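# Understanding the architecture of this molecule
Here is how the chains run, residue by residue.
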Amino acid sequence: MGEMLELSPDEERIMIRDIALSSQSNSKEGDTFFLITQRWWQHWIEYVNQDQSNNSYDGSSFLEYGDLPNSNALKRPAVIDNSDLIDDSVSEDSSTGIDIHDTLLEGRDYVLLPQEVWNQLYAWYGGGPTLPRKVISAGLSQTELAVEVYPLRLQLLMLPRNDRTSIRISKKETIGQLHRKACEIFDLPLDQVCIWDYYSRRKNALMNDMDKTLDDANIQMDQDILVEVINNTNNTSSAHENGSAQREASSVLVEPSNSNLSIAGGLSASRVPSRSYNADLSSSQNLNPPARDAENPYGSGVTTRGSVSGLTGLLNLGNTCFMNSAIQCLVHTPEFARYFREDYHQEINWQNPLGMVGELALAFGELLRKLWAPGRTPIAPRPFKAKLARFAPQFSGHNQHDSQELLAFLLDGLHEDLNRVKHKPYIKSRDADGRPDEEVADEYWANHIARNDSIIVDVCQGQYKSTLVCPVCNKVSVTFDPFMYLSLPLQSTSSRTMTVTVFTCDGTALPSPCTVTVPKQGRCKDLIQALSTACSLKHNERLLLVEVRNHLIHRFLEDPLQLLSTIKDDDHVAVYKIPKIEKNTKYLQLIHRRREQSSDSHTVSGWKPYGTPIVSLISCDDPVTRGDIQVIVNRMLSPLLRKSGNTEHTNTETSITKAAGDNASSDAYATNLVSNSVNKAGRTPTLPLLLIDESNACIDLSMGEDKVVKLPSSSTLLVYIDWSQKLLEKYDTHPLEILPEVLKYGPVSKKARTEPLSLYTCLEAFLREEPLVPEDMWYCPQCKERRQASKKLDLWRLPEVLVIHLKRFSYSRSMKHKLETFVNFPVHDFDLTNYVANKNNSRRQLYELYALTNHYGSMGSGHYTAHIKLLDENRWYNFDDSHISPISEDDVNTAAAYVLFYRRVRSDDDSVSNGA
């Protein structure tokens, strides 16, 4: 890294800020950005801001992190370590090079830095691995820029040898460049190879337009490319026949891995170093192929992939994934697909003042017909977007919006445009006044239908019973109101479960795991407080928190203001109970080693660390001898003694017990713990201990008991204990080898949630009786006062299509927050029979899922997709703007699910009594 002047944290901050501000105005296609792990970046941000009382300056959000420590000096970060971003599971036959995990999210796992910023940080800190990513053009105008975090990953199959490999290539590379790469990988001459778009393992199109980009050719993430060797003229002729070749039946392909996260193969925008980058780079994870023509962006010569209808994508017009995902779900609702493909014009309400004079319905109907037309050429929904912007200006422009809010507007707007009631009568609702619920509900519904009658009401509207009870006079008010969708609350994910293993240094207990719940955005002090309560910490003890890697202490987590987000779920964390004293002390860190047998059974390799280190305190007020360290280590290891161990340990254990005594009101025990003469009354066994001095030399502590040890200047004394087979006959070190992860997931993390939240639980929370919030207090007609009544909802009448909105986004005056809660929702047999209050309806209320929207990432810069089941095929697909790919039904349920679409399941006999 060369010679470098030592800069203060503030000087580093100012230099990086100035470089970033200079870079932001010059971004252009072809520039390079670099991924850096969020963990290291957060550490650096806190380090350079520690002396800042106010972090907002110059309008830049590059270093915009509030609530940073001011009093405790933070250590300078170590070298840049991007290893947590790297996917080590890439197969050996892959040609993708260094690959990153498919599930990374910007802002959570990594940050994108301009090349100049990365170069400066790398010059200061070094490290790696280096992860460069190119800026590419995006959007319809080709003037928007975005960083291609995930280039296309393609599966190459070479026939006739049946060789396979994976490669990474930019979507802006040409077919000619892919052709050359394939020939290089398989060591083939260019003129004897042709390549095929082998999507869904079918020869869809010969890729012979060498200047066309892969994006223009609609090549998708993880799809197959057939590399075919041509030996003679006959083969060349047959190769150009579009369709299935005779050899195709005999070819074998591994099912391509489905990488359906929004960012996979897509564009992830840089949000750093300043807000100005959002003007130059797309502010969301778009997947925008360039368009040529609104009707046929790819020209007339592109072969469509199969004749199945309903698999047409929507081009992203610039942050319109929120609109595309909602439209696809509505378009694939069977009742709407039939209605808008027939002559619906006679039902348009041209005079409804609440509607859009039929223009929204016409625009939606036209778009639906295009999406159901044969072929797979993506559609640019520009005319529909224009109508949307005209009638709902809140959705104009190119900002990201909430797809559920758009969906609510579309359903309401389409209803008003298609309302069969031309003149709405005025009807005054009556209270129940003790009448039967069935009578009141039917009256309310009839009054509603008299004013609102459309295909939207026919399909999507249901009715629920609302009961209000006055807390003062007990007046009960019952109404029956229509609903278009249900917005269900989610349990907050503001908390986090963490498992930490607790060790004692006084020899009183074996290590034991302790699981606590802490604030998700909390700090180390919150974890320490939770652990202190859970492990019944005494008033004269404190906790020392560390992260353990490779059987060594990786870092001491002593800063109480350090964010818990820096501790990942797969980290291993230990905490040590040590005395709370102000004396001059150092940490004694005991590291365990054992011999490892080499593959040659006759050869014994060296000593290797294993287990978990143990930490205690040692006093520095008096000279420390080798015997003093032996005493302390014996005490630390005493819980590991086997019951059949040598009786010479009895004196040590007895003295420890006496020292512990009744210390509830005294610090004598804490003082004894670090004293260097506690157990000299009894004979302590000699253990094979090695002390590492400041010159990294090993000092044998098993001899010269009275020799004084020169303590290092650092705060930690490193001591190795070498566990021989003979010594392991006296001690059981197995408890030291068990150090669980902070949060243990199963083999498939998305399916192995601890107590996943059920959709039924969300529904029960929605229906639960609760008091109204003060802002919504109810006017009691009997008290003639506004009261904070209790409210109870019950489902009464369910629609043919039930739309369920999972309330992932919460808003307050100061912040917006997204809940990442995993909701376990049923795909089949969603049974609502027991949730319907109308018991006169004997029909079983069964639903099945056919579509849903997903939201990935954070609130303002996330990405929307849709999972949709083609009912005729009985197969699920992922609709990611213009890119459509088949998925397994098992992959439908993820933590990204946002709006669910269920359709009623009918049977020959729907009565509950016969179990239909």
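Residues numbered from 1 in each chain as written. Predicted model: local features only at pLDDT ≥ 70, side-chain atom pairs only at ≥ 80, totals over all residues. Heavy atoms only, no water.

### Re the overall build of the chain
Scanning the chain from terminus to terminus reveals 19 helices and 40 strands. When burial is assessed residue by residue, the chain has 54% of its 916 residues classed as buried. Sequence-distant contacts in the chain: of pairs separated by 6 or more residues, those separated by 24 or more amount to 74%. As displayed, the chain offers around 41,000 Å² of accessible surface, 48% of which is attributable to carbon and sulfur atoms. (Helix = DSSP H or I, 4+ residues; strand = E, 2+ residues; numbered from the N terminus. Buried < 20%, exposed > 50% of the residue type's maximum accessible area, 1.4 Å probe, protein only. Contact = heavy atoms within 4.5 Å. Areas by Shrake-Rupley, 256 points an atom, 1.4 Å probe, with all protein chains shown as cover.)

### Here we look at the environment of Asn474
When you line up the elements, Asn474 lands in the loop between strand E12 (462-469) and strand E13 (476-483). Judged by its relative accessible area of 55%, Asn474 falls in the exposed class.

### Thoughts on the confidence of the model for the chain
On average, residues of the chain score 77 in pLDDT, and 76% of them reach the 70 mark or higher. When pLDDT is averaged over each helix and strand of the chain, the minimum, 29, is found for helix H6 (residues 277-280) and the maximum, 96, for strand E40 (residues 897-904). Ignoring residues within four places in sequence, the model shows residues 53-71, a span with pLDDT below 50, making 47 contacts including any to other chains. Across residues 232-307 the pLDDT falls below 50, and counting only partners more than four positions away or on other chains, this stretch makes 231 contacts in the model. (pLDDT = per-residue confidence, 0-100.)

### A closer look at the pattern of salt bridges
A complete count under the given rule lists 26 salt bridges for this structure. One salt bridge in this structure joins Glu12 and Arg76, with 3.2 Å as the shortest N-O distance. Of the two residues, Glu12 sits in helix H1 (residues 9-24) while Arg76 sits in the loop between helix H2 (38-49) and strand E2 (80-81), which places them 64 residues apart along the sequence. Judged by its relative accessible area of 1%, Glu12 falls in the buried class. The class of Arg76 is partly exposed, set by a relative accessible area of 28%. (Salt bridge = Lys/Arg side-chain N within 4 Å of Asp/Glu carboxyl O.)

### What about helix H4 (residues 175-186)?
Between its first and last C-alpha atoms H4 spans 17 Å; for 12 residues at 1.5 Å apiece the expected length is 16 Å, and the two agree. Within H4, burial applies to Ile175, Gly176, Leu178, His179, Ala182, Cys183 and Phe186. One face of H4 carries all of its buried residues, which in axial projection span an arc of 160 degrees. In this fold, the buried residues of H4 make contact with strand E7 (152-159), strand E8 (163-169), strand E9 (193-197) and strand E11 (224-229). Backbone geometry just downstream of H4 places Asp187 in the positive-phi region, at approximately 55 degrees. (Expected span 1.5 Å × (residues − 1). Arc of directions from axis to C-beta.)

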